[in-house]
Amino acid sequence: MPEAPKRVCITGVGAVSAFGRTPEALWAGVSGGVSAVAPIATFDASEFRCRIAAEVRDYAPREDMDPQAAARMDRRSLFAADAAIQALIQSAVPITAETVTQIGVAIGTEMPEPAVTTAANVARTISAAGPAIHLSTGAAGGLMAIGEAAEWIRREECAIAVAGGAEAPVNADGIGHFERLKMLTNNNTDPAHAVRPYDTARDGFALSEGAAMVVLEDEDVAIRRGAHILAYVDGYGSTFNRAPVAHAAANEIDTGRAMQKALIKWDLTLQGEIDVIFGSAGGNMLDAIEGKAIRRVWGPNADKLWVTAIKGALGHTLGASGAMNLIAAVFSLQAGLIPPTANLDHADPECGELEVVTGAVRRLHGTKAMVNAFGLGHAASVIVSRP
């Protein structure tokens, strides 16, 4: 019989978000169902139709970072390095001359990169000397980075990886870009209720900034060193949506294939074991594509699934959104609670008629979650499970 694939575990998480500078603050925000979206304060946005976002206010680099190195980094890299250090501290991975060659770095973003990529800045910050990649694959980037890094470990290209996403799009270029694409909400009068995933009144997302990083390890390596395992990465799939957004049916198929690949990657029977989906919905036209794709993959069994979407509370962190979603899923599995989808008052039947959690946290009795990250083209799904 073929040898069972290596199992990959998560031993550390880190986050910088509009809710605060820890993963616990991220979880408290999304599980509380409150919104971090507010009028933009970091620059004068008066010329734009959308003048709200979820910002990381009053940010300063970590005190344990080299000041000269920090001064050379862009805002997005500072977020990513901060989250990576948090995750490494929690994981207690020893940083030695021997281990650094076995540590890889994978980071996804959406907005254009500076001359020195975020992945390079993080790798230098943590002294990682294993494989390092930067993925510019839109909103799916951070989740794809986690999935690809897990594959590195399964292929024994490294034993440990720091992976996730980072973004700092709340500026004139970011707002202007997504406004031209007609993707942003114009509900400036009520920022806290502006982002409405799966809702009939949704009119676009609000940009958000931050970073979310995880430490992945070969399970055997983690057990040998006595690490505390937070969760397992038990499946990963990615696809590209070939058709324009207006061709909804074709995009439903390609988006659904990412979920199917994640299910098949580990175990064909896993489909019946998924208890909750952390959806990618951000309150725009893509919500219906994702909802129908879930319904297409699960069929009538979709009625047994719970679905939630954290962007109603957090806003859209673009390339970091899938990694933020995954960290929320890890906390959800540990706490046995599903966070609510903020601002969903009137479910749109065009979004697959799913069982979406609203209002307050709901008890989670299962052990497996699917995490989605979809954008204009790229799609990714990862399955995480509780130890």
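Higher on the page you've got the structure.
Numbers given to residues run from 1 along each chain, matching the order in which its sequence is written. Local features in a predicted model are, by the rule used here, given only for residues with pLDDT of at least 70; side-chain atom pairs are given and counted only at 80 or more, and totals for whole chains, interfaces and linings are based on all residues. Heavy atoms throughout the structure, all of them, feed into the side-chain values; hydrogens and water do not.

## Things to note about the environment of G164
Piece 1. Position of G164 among the secondary structure elements: in strand β6 (residues 160-167).
Piece 2. For every residue, the accessible area obtained with a 1.4 Å probe (protein chains only) is divided by the maximum for its type, and the residue is called buried under 20%, exposed over 50%, and partly exposed between those limits. With relative accessibility at 0%, the residue G164 sits in the buried group.
Piece 3. For the pair G164 and V122, spaced 42 residues apart in sequence, the C-alpha separation works out to 11 Å.
Piece 4. We call two residues in contact whenever any of their non-hydrogen atoms come within 4.5 Å of each other. Excluding anything up to four places from it in sequence, G164 contacts A106, I107, G108, G142, A145, I146, A212, M213 and A323. Each helix is a run of H or I in the DSSP string that is no shorter than four residues. Each strand is a run of E no shorter than two, and both are numbered from the N terminus.

## Topic: the sheet that holds strand β10 (residues 306-308)
Piece 1. Taken together, 10 strands build an open sheet; the order of strands is β5-β4-β6-β7-β1-β8-β14-β13-β9-β10 and the sheet is mixed. Of all strands in the sheet, those bounded by a partner on one side alone are β5 (132-135) and β10. Strand-to-strand, the axes of this sheet are offset by a mean angle of 25°, without reference to chain direction.
Piece 2. With respect to the sheet, helix α3 (residues 75-91) is in contact with β1 (8-16), β4 (103-108), β6 and β7 (210-218), its orientation differing from that of β1 by roughly 135°. Strands are treated as partners if at least two bridges between them are detected by DSSP. For helices, the axis comes from a line fit to the C-alpha atoms of the stretch in contact; other axes are also lines fit to C-alpha atoms, and the angle between any two N-to-C directions lies between 0 and 180 degrees.

## Regarding helix α1 (residues 23-32)
Piece 1. Burial analysis of α1 places seven of its 10 residues in the buried class, which makes it a mostly covered element.
Piece 2. Buried within α1 are the following residues: P23, A25, L26, W27, G29, V30 and S31.
Piece 3. In this structure, the buried side of α1 is in contact with β1, α3, α10 (311-314), α11 (321-335) and β11 (337-338).
Piece 4. The first or second residue beyond α1 is G33, which carries a positive phi of 70°.

## Quick word on the layout of surface pockets
To find the voids left in a structure, one rolls a probe of water-molecule size over its atoms.
Piece 1. As defined here, a cavity is a set of points on a 1 Å grid over the protein atoms alone where a 1.4 Å probe fits but cannot get out. A pocket is an open set with protein on both sides within 12 Å along at least five of seven lines, and residues line them when an atom is within 4 Å of a point. Grid points are joined across faces, edges and corners, and a volume is the space filled by probe spheres set on the points. One number sums up the size of the largest pocket: a volume of about 270 Å³.
Piece 2. Gly is put with the polar residues, along with every residue not named as nonpolar or charged; the nonpolar set is Ala, Val, Leu, Ile, Met, Phe, Trp, Tyr, Cys and Pro, and the charged set is Asp, Glu, Lys and Arg. Its residues placed into classes, the lining of the largest pocket shows six nonpolar, two polar and five charged.

## With respect to the pattern of salt bridges
Piece 1. The salt bridge criterion pairs a side-chain nitrogen of Lys or Arg with a carboxyl oxygen of Asp or Glu, the two atoms within 4 Å. Applying the stated criterion to the full structure yields 22 salt bridges.
Piece 2. The partner of K6 in a salt bridge is E156, and the shortest N-O contact between them spans 3.5 Å. Separated by 150 residues along the polypeptide, K6 in the segment before β1 and E156 in the loop between α5 (141-154) and β6 bring together distant segments of the chain.
Piece 3. K6 gets classed as partly exposed once you look at its relative accessible area, which sits at 23%.
Piece 4. Here R76 and E113 are joined by a salt bridge, their closest N and O atoms 2.7 Å apart. Taken together, the residues R76 in helix α3 and E113 in the loop between β4 and α4 (118-126) connect sequence positions 37 residues apart.
Piece 5. Overall, the relative accessible area of 5% leaves R76 in the buried class.
Piece 6. The class of E113 is partly exposed, set by a relative accessible area of 22%.
Piece 7. Put simply, R21, R62, D64 and D82 are held in one network by salt bridges that share partners.

## A closer look at the packing of aromatic side chains
Piece 1. Aromatic contacts are taken between Phe, Tyr and Trp rings whose centres are within 6.5 Å, Trp giving its six-membered ring; a plane angle under 30 degrees counts as stacked, one over 60 as edge-to-face, and the others as tilted. For the structure shown, the criterion picks out four aromatic pairs.
Piece 2. Plain terms: the ring middles of W27 and F331 are 6.0 Å apart, the flat faces sit at 15° to each other, and that makes the pair stacked. Separated by 304 residues along the polypeptide, W27 in helix α1 and F331 in helix α11 bring together distant segments of the chain. The same class applies to W27 as to F331, namely buried.

## A short note on the nonpolar core
Piece 1. Here the nonpolar core consists of buried residues drawn from Ala, Val, Leu, Ile, Met, Phe, Trp, Tyr and Cys, with membership extended through side-chain atoms lying within 4.5 Å. The biggest cluster of nonpolar side chains holds 50 residues, and the ones touching the most others in it are I10, V214, L216, F278, L326, I327 and V384.
Piece 2. When residues in this core are grouped by element, the largest group, nine residues, is from α11.
Piece 3. Among all residues touching I327, those that are not within four sequence positions of it are V13, G14, A15, P23, L26, A212, M213 and V214.

## Focus: the packing of α3 against α4
Piece 1. Look at α3 against α4: their axes get within 9 Å of each other, and the N-to-C directions meet at 40°. With respect to their mutual orientation, α3 and α4 come out oblique. When the axes of α3 and α4 are compared, the crossing they make is right-handed. Touching R76, S77, A80, A81, A84, I85 and L88 of α3 are T118, N121, V122, T125 and I126, all from α4.
Piece 2. When grouped by side-chain class, the residues that make up the contact of α3 with α4 number seven nonpolar, four polar and one charged. Under this scheme an angle from 65 to 115 degrees is roughly perpendicular, one under 35 degrees roughly parallel, and one over 145 degrees roughly antiparallel; angles in between are oblique. For a crossing to be left-handed, the near helix must be turned anticlockwise from the far one by less than a right angle; the clockwise case is right-handed.

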